[in-house]
Amino acid sequence: MTEKNLARFYQIAQEIWNQLPPKARFRPLEDGKVLARHADLMASWTEELVQGFYDTLFGHPATRKIFREGERPAREKTLRDWYLRTIRGPFNGQYFAWQALVGLVHVRRGVTNAMMAAMWNWVTEKVSEKARAHLPPEEARALEDAWRRLAFTATALIAEEYLQGYLEALALSDRQDPEAFAQKAQMAAAALLAQISP
């Protein structure tokens, strides 16, 4: 992915980032230092995490059907590359644009936000378990907290771009202006809520 190709996602990531209260999002400097401090240890967990991640997905019918026959090795490589890039940083505009791009990729592949959030939770639990098993309590807690903030921030970026990309794709497929289409969706949601409100 080139800088030019990512330009749209830089802007999207910045817009989403600005919606996240600073006290509730990933802190690139502080949290990035914590991850960097433990990057070698976390790298040693890579194969176990990748294997468990895809065993979990392939072991559940709803997530198994997302994959094409024989593509697991390629998807494992994608996850391995993402994880190793993530634990080593840097947490810059390119990184967060990449996370936003994942939302659009998920629309194309049929990966739902529910699936994505559940698997972020799975990875977060595994990182927490490993941190508690290998680090003194204070350092384990620091790593767990940094990773959790990263997980929720990436989830927000992916989910928001998923929604925006989905709405834009629907609008364009119907030859409508994406902004006007999003407003129509809000009005339709208001009408649905009015039908179920007491």
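One can find the structure itself at the top, above this paragraph.
In this numbering scheme, every chain counts its residues from 1 along its sequence in written order. Owing to the predicted nature of the model, reporting of local features is limited to residues with pLDDT of at least 70; listing and counting of side-chain atom pairs is limited to 80 or more, with chain, interface and lining totals taken over all residues. Water and hydrogen atoms were dropped before computing side-chain values, which therefore reflect all heavy atoms in the structure.

### Some remarks on the overall build of the chain
The cut-off we apply is this: Numbering goes from the N terminus for both helices and strands, where a helix is a DSSP run of H or I of at least four residues and a strand is a run of E of at least two. Only protein chains enter the area calculation, which uses a 1.4 Å probe; residues under 20% of their type maximum are buried, those over 50% are exposed, and those in between are partly exposed. Values of accessible area rely on a 1.4 Å probe in the Shrake-Rupley scheme; residue burial ignores everything except the protein chains shown. Positive charges come from Lys and Arg alone, negative charges from Asp and Glu alone, with His and the N- and C-terminal ends not counted. Lys charges are placed at NZ, Arg charges at CZ, Asp charges at CG and Glu charges at CD.
Scanning the chain from N- to C-terminus turns up 10 helices and zero strands. From first element to last, N terminus to C terminus, the chain shows the α and β order α-α-α-α-α-α-α-α-α-α. Across its three principal axes, the chain shows a C-alpha extent of roughly 55 × 45 × 40 Å. Out of the 198 residues belonging to the chain, those deemed buried represent 40%. Per element, the accessible surface of the chain, about 11600 Å² overall, is 58% carbon and sulfur. The centroid of the 26 positive side-chain charges in the chain is displaced by 1 Å from the centroid of its 24 negative side-chain charges.

### Details of the side chain of Thr63
Filter applied, for reference: Any N or O atom pair separated by 3.5 Å or less is treated as a polar contact, with the protein-specific requirement of one donor-capable and one acceptor-capable atom, and with residues adjacent in sequence counted only for side-chain atom pairs. Note on contacts: a residue pair qualifies if any of its non-hydrogen atoms lie within 4.5 Å across the two residues.
Structurally, Thr63 can be placed in helix 5 (residues 61–64). Residue Thr63 is classed as buried on the basis of its relative accessible area of 10%. Among the polar contacts listed, one links the side chain of Thr63 to the backbone oxygen of Leu57, at a separation of 2.7 Å. For Thr63, the residues in contact, after removing those within four places along its chain, are Thr56, Leu57 and Met115.

### Describing the side chain of Thr155
Mapping Thr155 onto the fold places it in helix 9 (residues 137–173). Setting aside anything within four residues of it in sequence, one finds Thr155 in contact with Met116 and Trp120.

### Here we look at the pattern of salt bridges
Worth spelling out the cut-off: When a carboxyl oxygen of Asp or Glu lies within 4 Å of a side-chain nitrogen of Lys or Arg, that pair is called a salt bridge.
The tally for this structure, following the rule as stated, stands at 19 salt bridges. Arg75 serves as the salt-bridge partner of Glu71, at 2.9 Å between the closest nitrogen and oxygen. Relative accessible area serves as the criterion here: at 23%, Arg75 is assigned to the partly exposed category. Residues joined in a network through salt bridges with shared partners are Arg68, Glu71, Arg75 and Arg109.

### Topic: the packing of helix 4 (residues 46–58) against helix 6 (residues 72–88)
This is how the line gets drawn: Each axis is a line fitted through C-alpha atoms, and for a helix only the stretch in contact is used; angles between axes span 0 to 180 degrees, taken between their N-to-C directions. Small angles under 35 degrees read as roughly parallel and large ones over 145 as roughly antiparallel, with 65 to 115 read as roughly perpendicular and the rest as oblique. Should the near helix be turned anticlockwise from the far one by less than a right angle, the crossing is termed left-handed; should it be turned clockwise, right-handed.
Interhelical geometry of helix 4 versus helix 6 gives an angle of 135° and a closest axis separation of 10 Å. Relative to helix 6, the element helix 4 is oriented oblique. Considering only the axes of helix 4 and helix 6, their crossing is right-handed. Across the interface between the two elements, Thr46, Glu47, Leu49, Val50, Gln51, Phe53, Tyr54, Asp55 and Phe58 of helix 4 pack against Arg72, Arg75, Glu76, Leu79, Arg80, Tyr83 and Leu84 of helix 6.

### Re unusual backbone geometry
The linkage connecting Gly89 with the following residue, Pro90, adopts the cis geometry, with an omega of 0°. By secondary structure assignment, the location of Pro90 is in the loop between helix 6 and helix 7 (93–109). The backbone of Arg175 sits at a positive phi, close to 55°, despite the residue not being glycine. By the element assignment, Arg175 lies in the loop between helix 9 and helix 10 (178–196).

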